[in-house]
Structures are given as structure tokens and as C-alpha cells.
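Report on the structure
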Amino acid sequence: MRDVFKYFTFRFLSIIPMLLLVIVIIFAGLQLTPGDPLAYMIPPEQLGSADFDIEAYKKAMGLDAPVYIQFFQWFGDLLQGELGFSLVDGSAISKMLANRLPATLELAFAALAVSSVLGILLGLVSSIRQNSAVDYGNTALGVLGISVPEFFVGIIAIQVFAITLGWLPVSGRIGYGDVTFFDRIDYLVMPALVLGFSLTAALMRYTRGTMLDVLGKDYVKTARSKGLPEWKVITKHAFRNALMPVVLLLVFRLPLLIGGTVIIESVFGWPGMGGMLLDAVSAKDYPVVMICTMLVAFMVLLASFLVDLLTALLDPRVRFE
Amino acid sequence: MQAAEKSSLAMRNWEKLRRNRLAVTGFVIIALMSLAAILAPLLTPYDPGAVNLAKRVQPPSWAHLLGTDKLGRDVLARLLYGARLSIVIGLCSALGGALIGTVLGCFSGYFGGWFDKVMLRVSELFMTFPQIILILILVVFFGQGVFNLIFIFAITGWSGTYRLVRARFFSLRQESYVEACRAFGIGEASIMFKHILPNTLSPVIVSITLMTAGFILAESGLSFLGLGVPSGIPTWGNIINAAKAIDVIQNNPWLWIPPGVTISLFVLGTNFFGDGLRDVLDPNQ
């Protein structure tokens, strides 16, 4: 047990150099982008006032200092949650993120939950009833999942479920008078399902594949031949062993889910980070783009850490060294 | 002798491909749609860019089979001409990405060492970082445009091919025929590119096919967001871009169903063909 703990601590600490590398790259990006850094470091109302001495300010802020000293200052601000200001409207990026990030995380987690349950379940059914109508239907769904653009799926969903049937709201996140999470869950259903669509398809194909693989193994035949009921063979012997690669695929595709939110948020008018990044890209709002990128990079690192963690926990053959 | 063997292998592969129903279906879809794109001027009398404000947002009719858009442009003409650009962007980006990946993979797999270690890390970074966000960042720096887009796709999409080629080089460089080449005093570059590279090409061809599908999807997504090809130029993504407005989704289905179906069908065909090709060329994958 102590080995496990030591291994995780080591793995976690080994992320730190990567984090620092990301931060240095982002700083370099900010330095290299056109435009005066002052524009995103000072609140605009202060910059605009008449008695504002820009040279003195530069000196006071250390902007005449060598680049590496500036880097440490910027880094210090970063640690305190000072992320700079948008070039477009001068609002603090930390505040923008505080407004937008929860919405994106909510959407991504909902999509993750729905597609992992749905994908694994469908894949399981497909593998048990191989070559049945259900299996063929699932295979077709799997092919569509990698071929139909997700925004097209989204548009069709809006047309069918929001406009024609009127079951779900067309777009947005919170309706008038909604208070709790459950009041506004009807807003979440469509974007989460559509965002999770291709992940569901991928998981289904993968679960089916690994399950069929495992079901052909000798130990499954042994379990059957000693007279275990079929459901026990499937759940206890086959599924447990088929699950691991599936979970790894799931975590491995987490960053993709974050990337997918950019398009899905735009289709469904979901007020998240994707829309913020999109606006920033169109307006060449470099500081916002850079900070968003940094955040995504952090998430990618976290996901890769989770992959290692899960591999170690699920596979007893992994050694902790 | 060698020529005869070569042709018989090619013939055998061709037979296998022909008997693979999915691959044939995929190929027929790709061929028909590409042909329609090439023959666009013969198939429609309209100019895809011709604005006709008197005939704005008309539903499908005999004059305009798929209706007209908000500027009175013929949707079918835009789809046919748009196919040219969308397919070219997808294919060129895939070729570019494959070229970068193959060259890097050759050096990395053949020589190993620090270059290999660094490149492997870099490729991991490219594989795990969400591609669409990377592309968006690069669009900020390079600006929008067809060539910029192909360039951006190529430099963000090489890592898959790189890993394929690298892995093949790793195993092939220990083969005895490579040893024999060295013993004959053949130069390293010649061994790499003339003797090992041809043996890695079949998985690369498969990955080019599948990458083309991926890049066509990426282009349509990016143009849908309004950040891909500049909006005046017809591409499949730019045509479906109209459906960002709820009233268009509700009232003008001919503006978004045809382009959506077209993109899906082409990507489906490419995926089928790629999968079939993999079954034939690369049976152990």
C-alpha cells in the first residue's frame, strides 16, 4: 500500500515540470504576440485617466526589467489568480473564467457520464448478442458517430426535439425562474447527449471489441464449463477484464470532449468557455486565448495523470516503482 | 521475374479489395461525389457566387433543385463547387500531415537517440491536446484562408503517421536485408528512403485516407464556427454556416440538410474505403 502511495506521489510530482513548461510557453506566447502588454495588465479606466504616468507605471510594475524578472512577476500574479485583462472590453480574465468555466465543466461532465454509461452498456449488449438486430443497429450508430459532424447532429436534434416536438428548450443554460440544478436539467439534456455522441459511439465499438476478445478466452470457457450461470460469467469474469482498456480510452478522450465543447456550445448557445475562446479568437484577444489554452493544457495533463492512476488501480500487474 | 511477382501481389490485393463490400461502397461514394465536383459546370447552369436578391431564400423548385440561400445563390451550385474546395483541403492537409509524419518518423525510427526521444514527447503533446483548440490558436496567428488552413491542419495532424512510421522503422531496421544493405556499403539515406520506406507505405496510405475524412470534418466544423475558410468562398462548412440561426433551422431546412448530408456521406464513404483498405493492406492491424 505504501508503494502505491509513493508511486502516485511520484507521478503527481512529475507533472510539475510539464506544468512549468506550459506556463513558460504561454508567457512566451504572450510576449511574442503583437500589442503592448500594458493593455492587458492595467484596468482600462486607469489607463485612460489623464494624470496616469505610463513611464512611472512601467518602472513601478517592473516592465523595464529583463524578461526573466518579468516572467517571475507574471508567474506570481498567476499564482494569486491575477490572469490579466481582456484586450476587447478590459474585463478581468479571472472573472470571465469564473463566469464561464462552471458551465463548460457541467456540460463536459454530463456528456462524460451519459456517454460512458450508454456506450459501455450498448457495447456490452452488442457483444452478448453478436450479429443480432441490436448489434447491427449499434454498429450503424457507431459508424454514424465518426462520420456525421457533431454540429449537424446538434442542428437535427434542435429541429426534432426543440422545434417540432417542443420537448426541450432550443438553447441557453438557465430558464426564467430556474433555481436548482434540476430545474434547468432540460437545458442540459440535448447539448450533453450531442457532445457525448461520438464518444458514445467510440466507447460502444471499443467495449464490443474487447468483450468479444475476452469472451473467447480460455478462462471464460472454464467458468462456463464449471456450470456458472451465464450472467455471472459475463459480469464477473468477462466484463471485469474487458473494462480496463475501455476506461483507459475514456480518460484518454477527455481532452477531446473539452475540445468538442467549443462547437457544441456554439450550436446550443451554451454560455461556457468555448464561446469565450471563440470570441477571443475572432477578436484576436491574445491574453484570453493564451489563458484558455493554458487551462486546457492543465486539463490534458490532469487527464494523462488519471490514465496512469487508473491503469495502476485496475491492473494488478502494474508495478509501483 | 520481380515484375511478375509484383503484379501478382497487386492483382491479389486488388481482388481482395474488390470483394470487400464496404470498401467498394466507400469507393463508389467517393468517386461519384468527386466526379460531381469535377463536372460541376456541366451539372448546374448557375454560378455559385452569383447573387440574385430577387430570388432570396427560395424553397427547392425545378429551377433551383435545392433552393436558394439568403443572397439568392443556388444551393446546389454552391454544394457542387464547394465539394471541390472541401475535398482538396481534406486531401492536401492529409498528404501534408502524412509527409511531415513520415519524414520525422523515418529519422526518429532509424536513428533513435535524443531526436527520437524529443520527437516522441512532442508527438504525444500533439496527440493529447485537443486538436480543434490548437487549430483555433493557430488561426489567430496565421489568419483565415485556404492555404493557411491546409498548413495549420498539416502541422497539427502529423503525429499519428509519425508514430506508425517510427514503429515500422524500429522493427525493420534490424531486419537482415538492412544489414545486407549496410554490408554492401549503401548510404544511410538510400537505405532509409529506398529500402525501408517502401515497406512502411501501406499503413501510411490507410492513414491518409482516414485523415482526409477527419480533416473534411474539421474544415466543416471550423467554417461552421466562422473561423475556417473566409465566408465568401463556398465550402461545405461555409454553406451549413447559415444554420447558426434558429430561424434558418426552423424555416429553411434546404439550407442545412443538403450540406450536412453531403459532408456525412462523403466522410462515411472515406471511412468505409479506409477501413477496407486497411483490411487488405495491413491484415495484422
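Residues numbered from 1 in each chain as written. Chains lettered and ligands numbered in written order. Predicted model: local features only at pLDDT ≥ 70, side-chain atom pairs only at ≥ 80, totals over all residues. Heavy atoms only, no water.

**A short note on the overall build of chain B**
Selection criterion: Put simply, DSSP marks the helices as runs of H or I at least four residues long and the strands as runs of E at least two long, and each gets a number from the N terminus on. Here the term buried applies to any residue with accessible area under 20% of the maximum for its type, exposed to any over 50%, and partly exposed to those in between, with areas from a 1.4 Å probe on protein chains only. Contacts between residues were defined by any pair of non-hydrogen atoms, one from each residue, lying within 4.5 Å.
Across its full length, chain B holds 14 helices and 0 strands. Listing the helices and strands of chain B from first to last along the sequence gives α-α-α-α-α-α-α-α-α-α-α-α-α-α. By the burial criterion, 49% of the 285 residues in chain B qualify as buried. Partitioning the contacts of chain B with sequence separation of at least 6, the portion at a separation of at least 24 is 70%.

**Here we look at the interface of chain B and chain A**
The test is simple: By definition, the buried area sums, over both parts, the 1.4 Å-probe accessible area that each loses when the two are put together. By salt bridge we mean one thing: a side-chain nitrogen of Lys or Arg within 4 Å of a carboxyl oxygen of Asp or Glu. As a working rule, the residues Ala, Val, Leu, Ile, Met, Phe, Trp, Tyr, Cys and Pro are called nonpolar, Asp, Glu, Lys and Arg charged, and the rest polar, with Gly in that last group.
Taken together, the 33 residues of chain B in the interface contact 34 residues of chain A. Of the roughly 3100 Å² buried where chain B meets chain A, counting both sides, 83% is carbon and sulfur surface. Where chain B touches chain A, the interface holds 0 salt bridges. Those elements giving two or more residues to the side of chain B that touches chain A turn out to be α5 (113–128), α6 (131–142), α11 (201–225), α13 (246–251) and α14 (257–281) of chain B. Top element by residues in the side of chain B that touches chain A is α14 of chain B. It accounts for 9 residues. Partitioning the side of chain B that touches chain A into residue classes produces 25 nonpolar, 7 polar and 1 charged.

**A few points about the pattern of salt bridges**
All names here are of chain B. Scanning the model with the defined rule gives 7 salt bridges over all chains in all. Arginine 18 is the salt-bridge partner of glutamate 15, the closest N and O atoms lying 3.6 Å from each other. Taken together, the residues glutamate 15 and arginine 18, both in helix α1 (residues 2–19) and 3 residues apart, mark about one turn of the helix.

**Notes on the environment of leucine 22 of chain B**
With respect to the helices and strands, leucine 22 of chain B occurs in helix α2 (residues 21–38). Under the relative-accessibility criterion, leucine 22 of chain B is labelled partly exposed at 43%.

**As for the packing of helix α12 (residues 218–225) of chain A against helix α13 (residues 230–252) of chain A**
Residue and element names in this part refer to chain A. Put simply, the rule reads: All axes are obtained by fitting lines to C-alpha atoms, using only the stretch in contact for helices, and the reported angles, taken between N-to-C directions, cover 0 to 180 degrees. Angle categories are assigned with fixed cut-offs, so that under 35 degrees is roughly parallel, over 145 is roughly antiparallel, 65 to 115 is roughly perpendicular, and the rest are oblique. Note: crossing handedness is left-handed where the near helix turns anticlockwise from the far helix by less than a right angle, and right-handed where it turns clockwise.
Interhelical geometry of α12 versus α13 gives an angle of 160° and a closest axis separation of 10 Å. Considered as vectors, α12 and α13 are oriented roughly antiparallel to each other. The hand of the α12/α13 crossing is right-handed. Between α12 and α13, the contacting residues are Tyr219, Val220, Ala223 and Arg224 on the first element and Glu230, Val233, His237, Ala238 and Asn241 on the second. Across the contact of α12 with α13, the residue classes break down as 5 nonpolar, 2 polar and 2 charged.

**Quick look at the environment of glycine 81 of chain A**
All names here are of chain A. By secondary structure assignment, the location of glycine 81 is in the loop between α6 (67–79) and α7 (93–128). Judged by its relative accessible area of 34%, glycine 81 is partly exposed. Note: C-alpha distance between glycine 81 and isoleucine 93 (12 residues apart in sequence) is 9.5 Å.

**Some words on the packing of aromatic side chains**
Where we set the bar: Stacked, tilted and edge-to-face pairs are distinguished by plane angle, under 30 degrees for stacked and over 60 for edge-to-face with tilted covering the rest, among Phe, Tyr and Trp rings (Trp via its six-membered ring) whose centres lie within 6.5 Å.
Throughout the structure, instances matching the rule amount to 12 aromatic pairs over all chains. Both rings, one in phenylalanine 152 of chain A and one in tryptophan 256 of chain B, keep their centres 6.2 Å apart while their planes meet at 70°; by these two values the pair is edge-to-face. Here the residue phenylalanine 152 of chain A occupies a position in helix α9 (residues 150–164), and tryptophan 256 of chain B occupies one in the loop between α13 and α14, the pair thus bridging two chains. Overall, the relative accessible area of 5% leaves phenylalanine 152 of chain A in the buried class. Centre to centre, the rings of phenylalanine 126 of chain B and tryptophan 158 of chain B are 5.2 Å apart; their planes meet at 55°, and the pair counts as tilted. Of this pair, phenylalanine 126 of chain B sits in helix α5 while tryptophan 158 of chain B sits in the loop between α7 (146–156) and α8 (159–172), and the two are 32 residues apart along the sequence. Residue classification places phenylalanine 126 of chain B among the partly exposed positions, given a relative accessible area of 24%. Using a relative accessible area of 5% as the deciding quantity, one classes tryptophan 158 of chain B as buried.

**Here we look at the confidence of the model for chain A**
This is how the line gets drawn: Per-residue confidence from the prediction method is given by pLDDT, with values spanning 0 to 100.
Confidence along chain A averages 79 in pLDDT terms, with 85% of residues attaining 70 or more. Highest mean pLDDT in chain A belongs to α7 of chain A (86); lowest belongs to helix α3 (residues 38–41) of chain A (61).

**Overview of the side chain of asparagine 20 of chain B**
Position of asparagine 20 of chain B relative to the elements: it lies in the loop between α1 and α2. Apart from residues no more than four positions distant in its own chain, asparagine 20 of chain B is found in contact with Gly276 and Asp279 of chain B.

**Digging into helix α10 (residues 185–195) of chain A**
Every buried residue belonging to α10 of chain A is among Tyr187, Leu188, Met190, Pro191, Ala192, Val194 and Leu195 of chain A, and all of these are buried. Buried positions along α10 of chain A lie against α7, α9, α11 (197–215) and α14 (254–268) of chain A.

**Some thoughts on α14 of chain B**
The line we're drawing: Expected helix span is computed as 1.5 Å times (number of residues minus one).
When the terminal C-alpha atoms of α14 of chain B are compared, their 36 Å separation across 25 residues agrees well with the 36 Å that a helix rising 1.5 Å per residue should span. The buried fraction of α14 of chain B is high, at 18 of 25 residues.

**Overview of the side chain of serine 207 of chain B**
Looking at where serine 207 of chain B falls in the secondary structure, it is placed in helix α11. Apart from residues no more than four positions distant in its own chain, serine 207 of chain B is found in contact with Thr161 and Leu164 of chain B.

**Quick word on the environment of leucine 310 of chain A**
Residue and element names in this part refer to chain A. Position of leucine 310 relative to the elements: it lies in helix α16 (residues 286–314). Accessibility expressed as a relative area gives 24% for leucine 310, which makes it partly exposed. For leucine 310 and arginine 100, which are 210 residues apart along the polypeptide, the C-alpha to C-alpha distance reads 29 Å.

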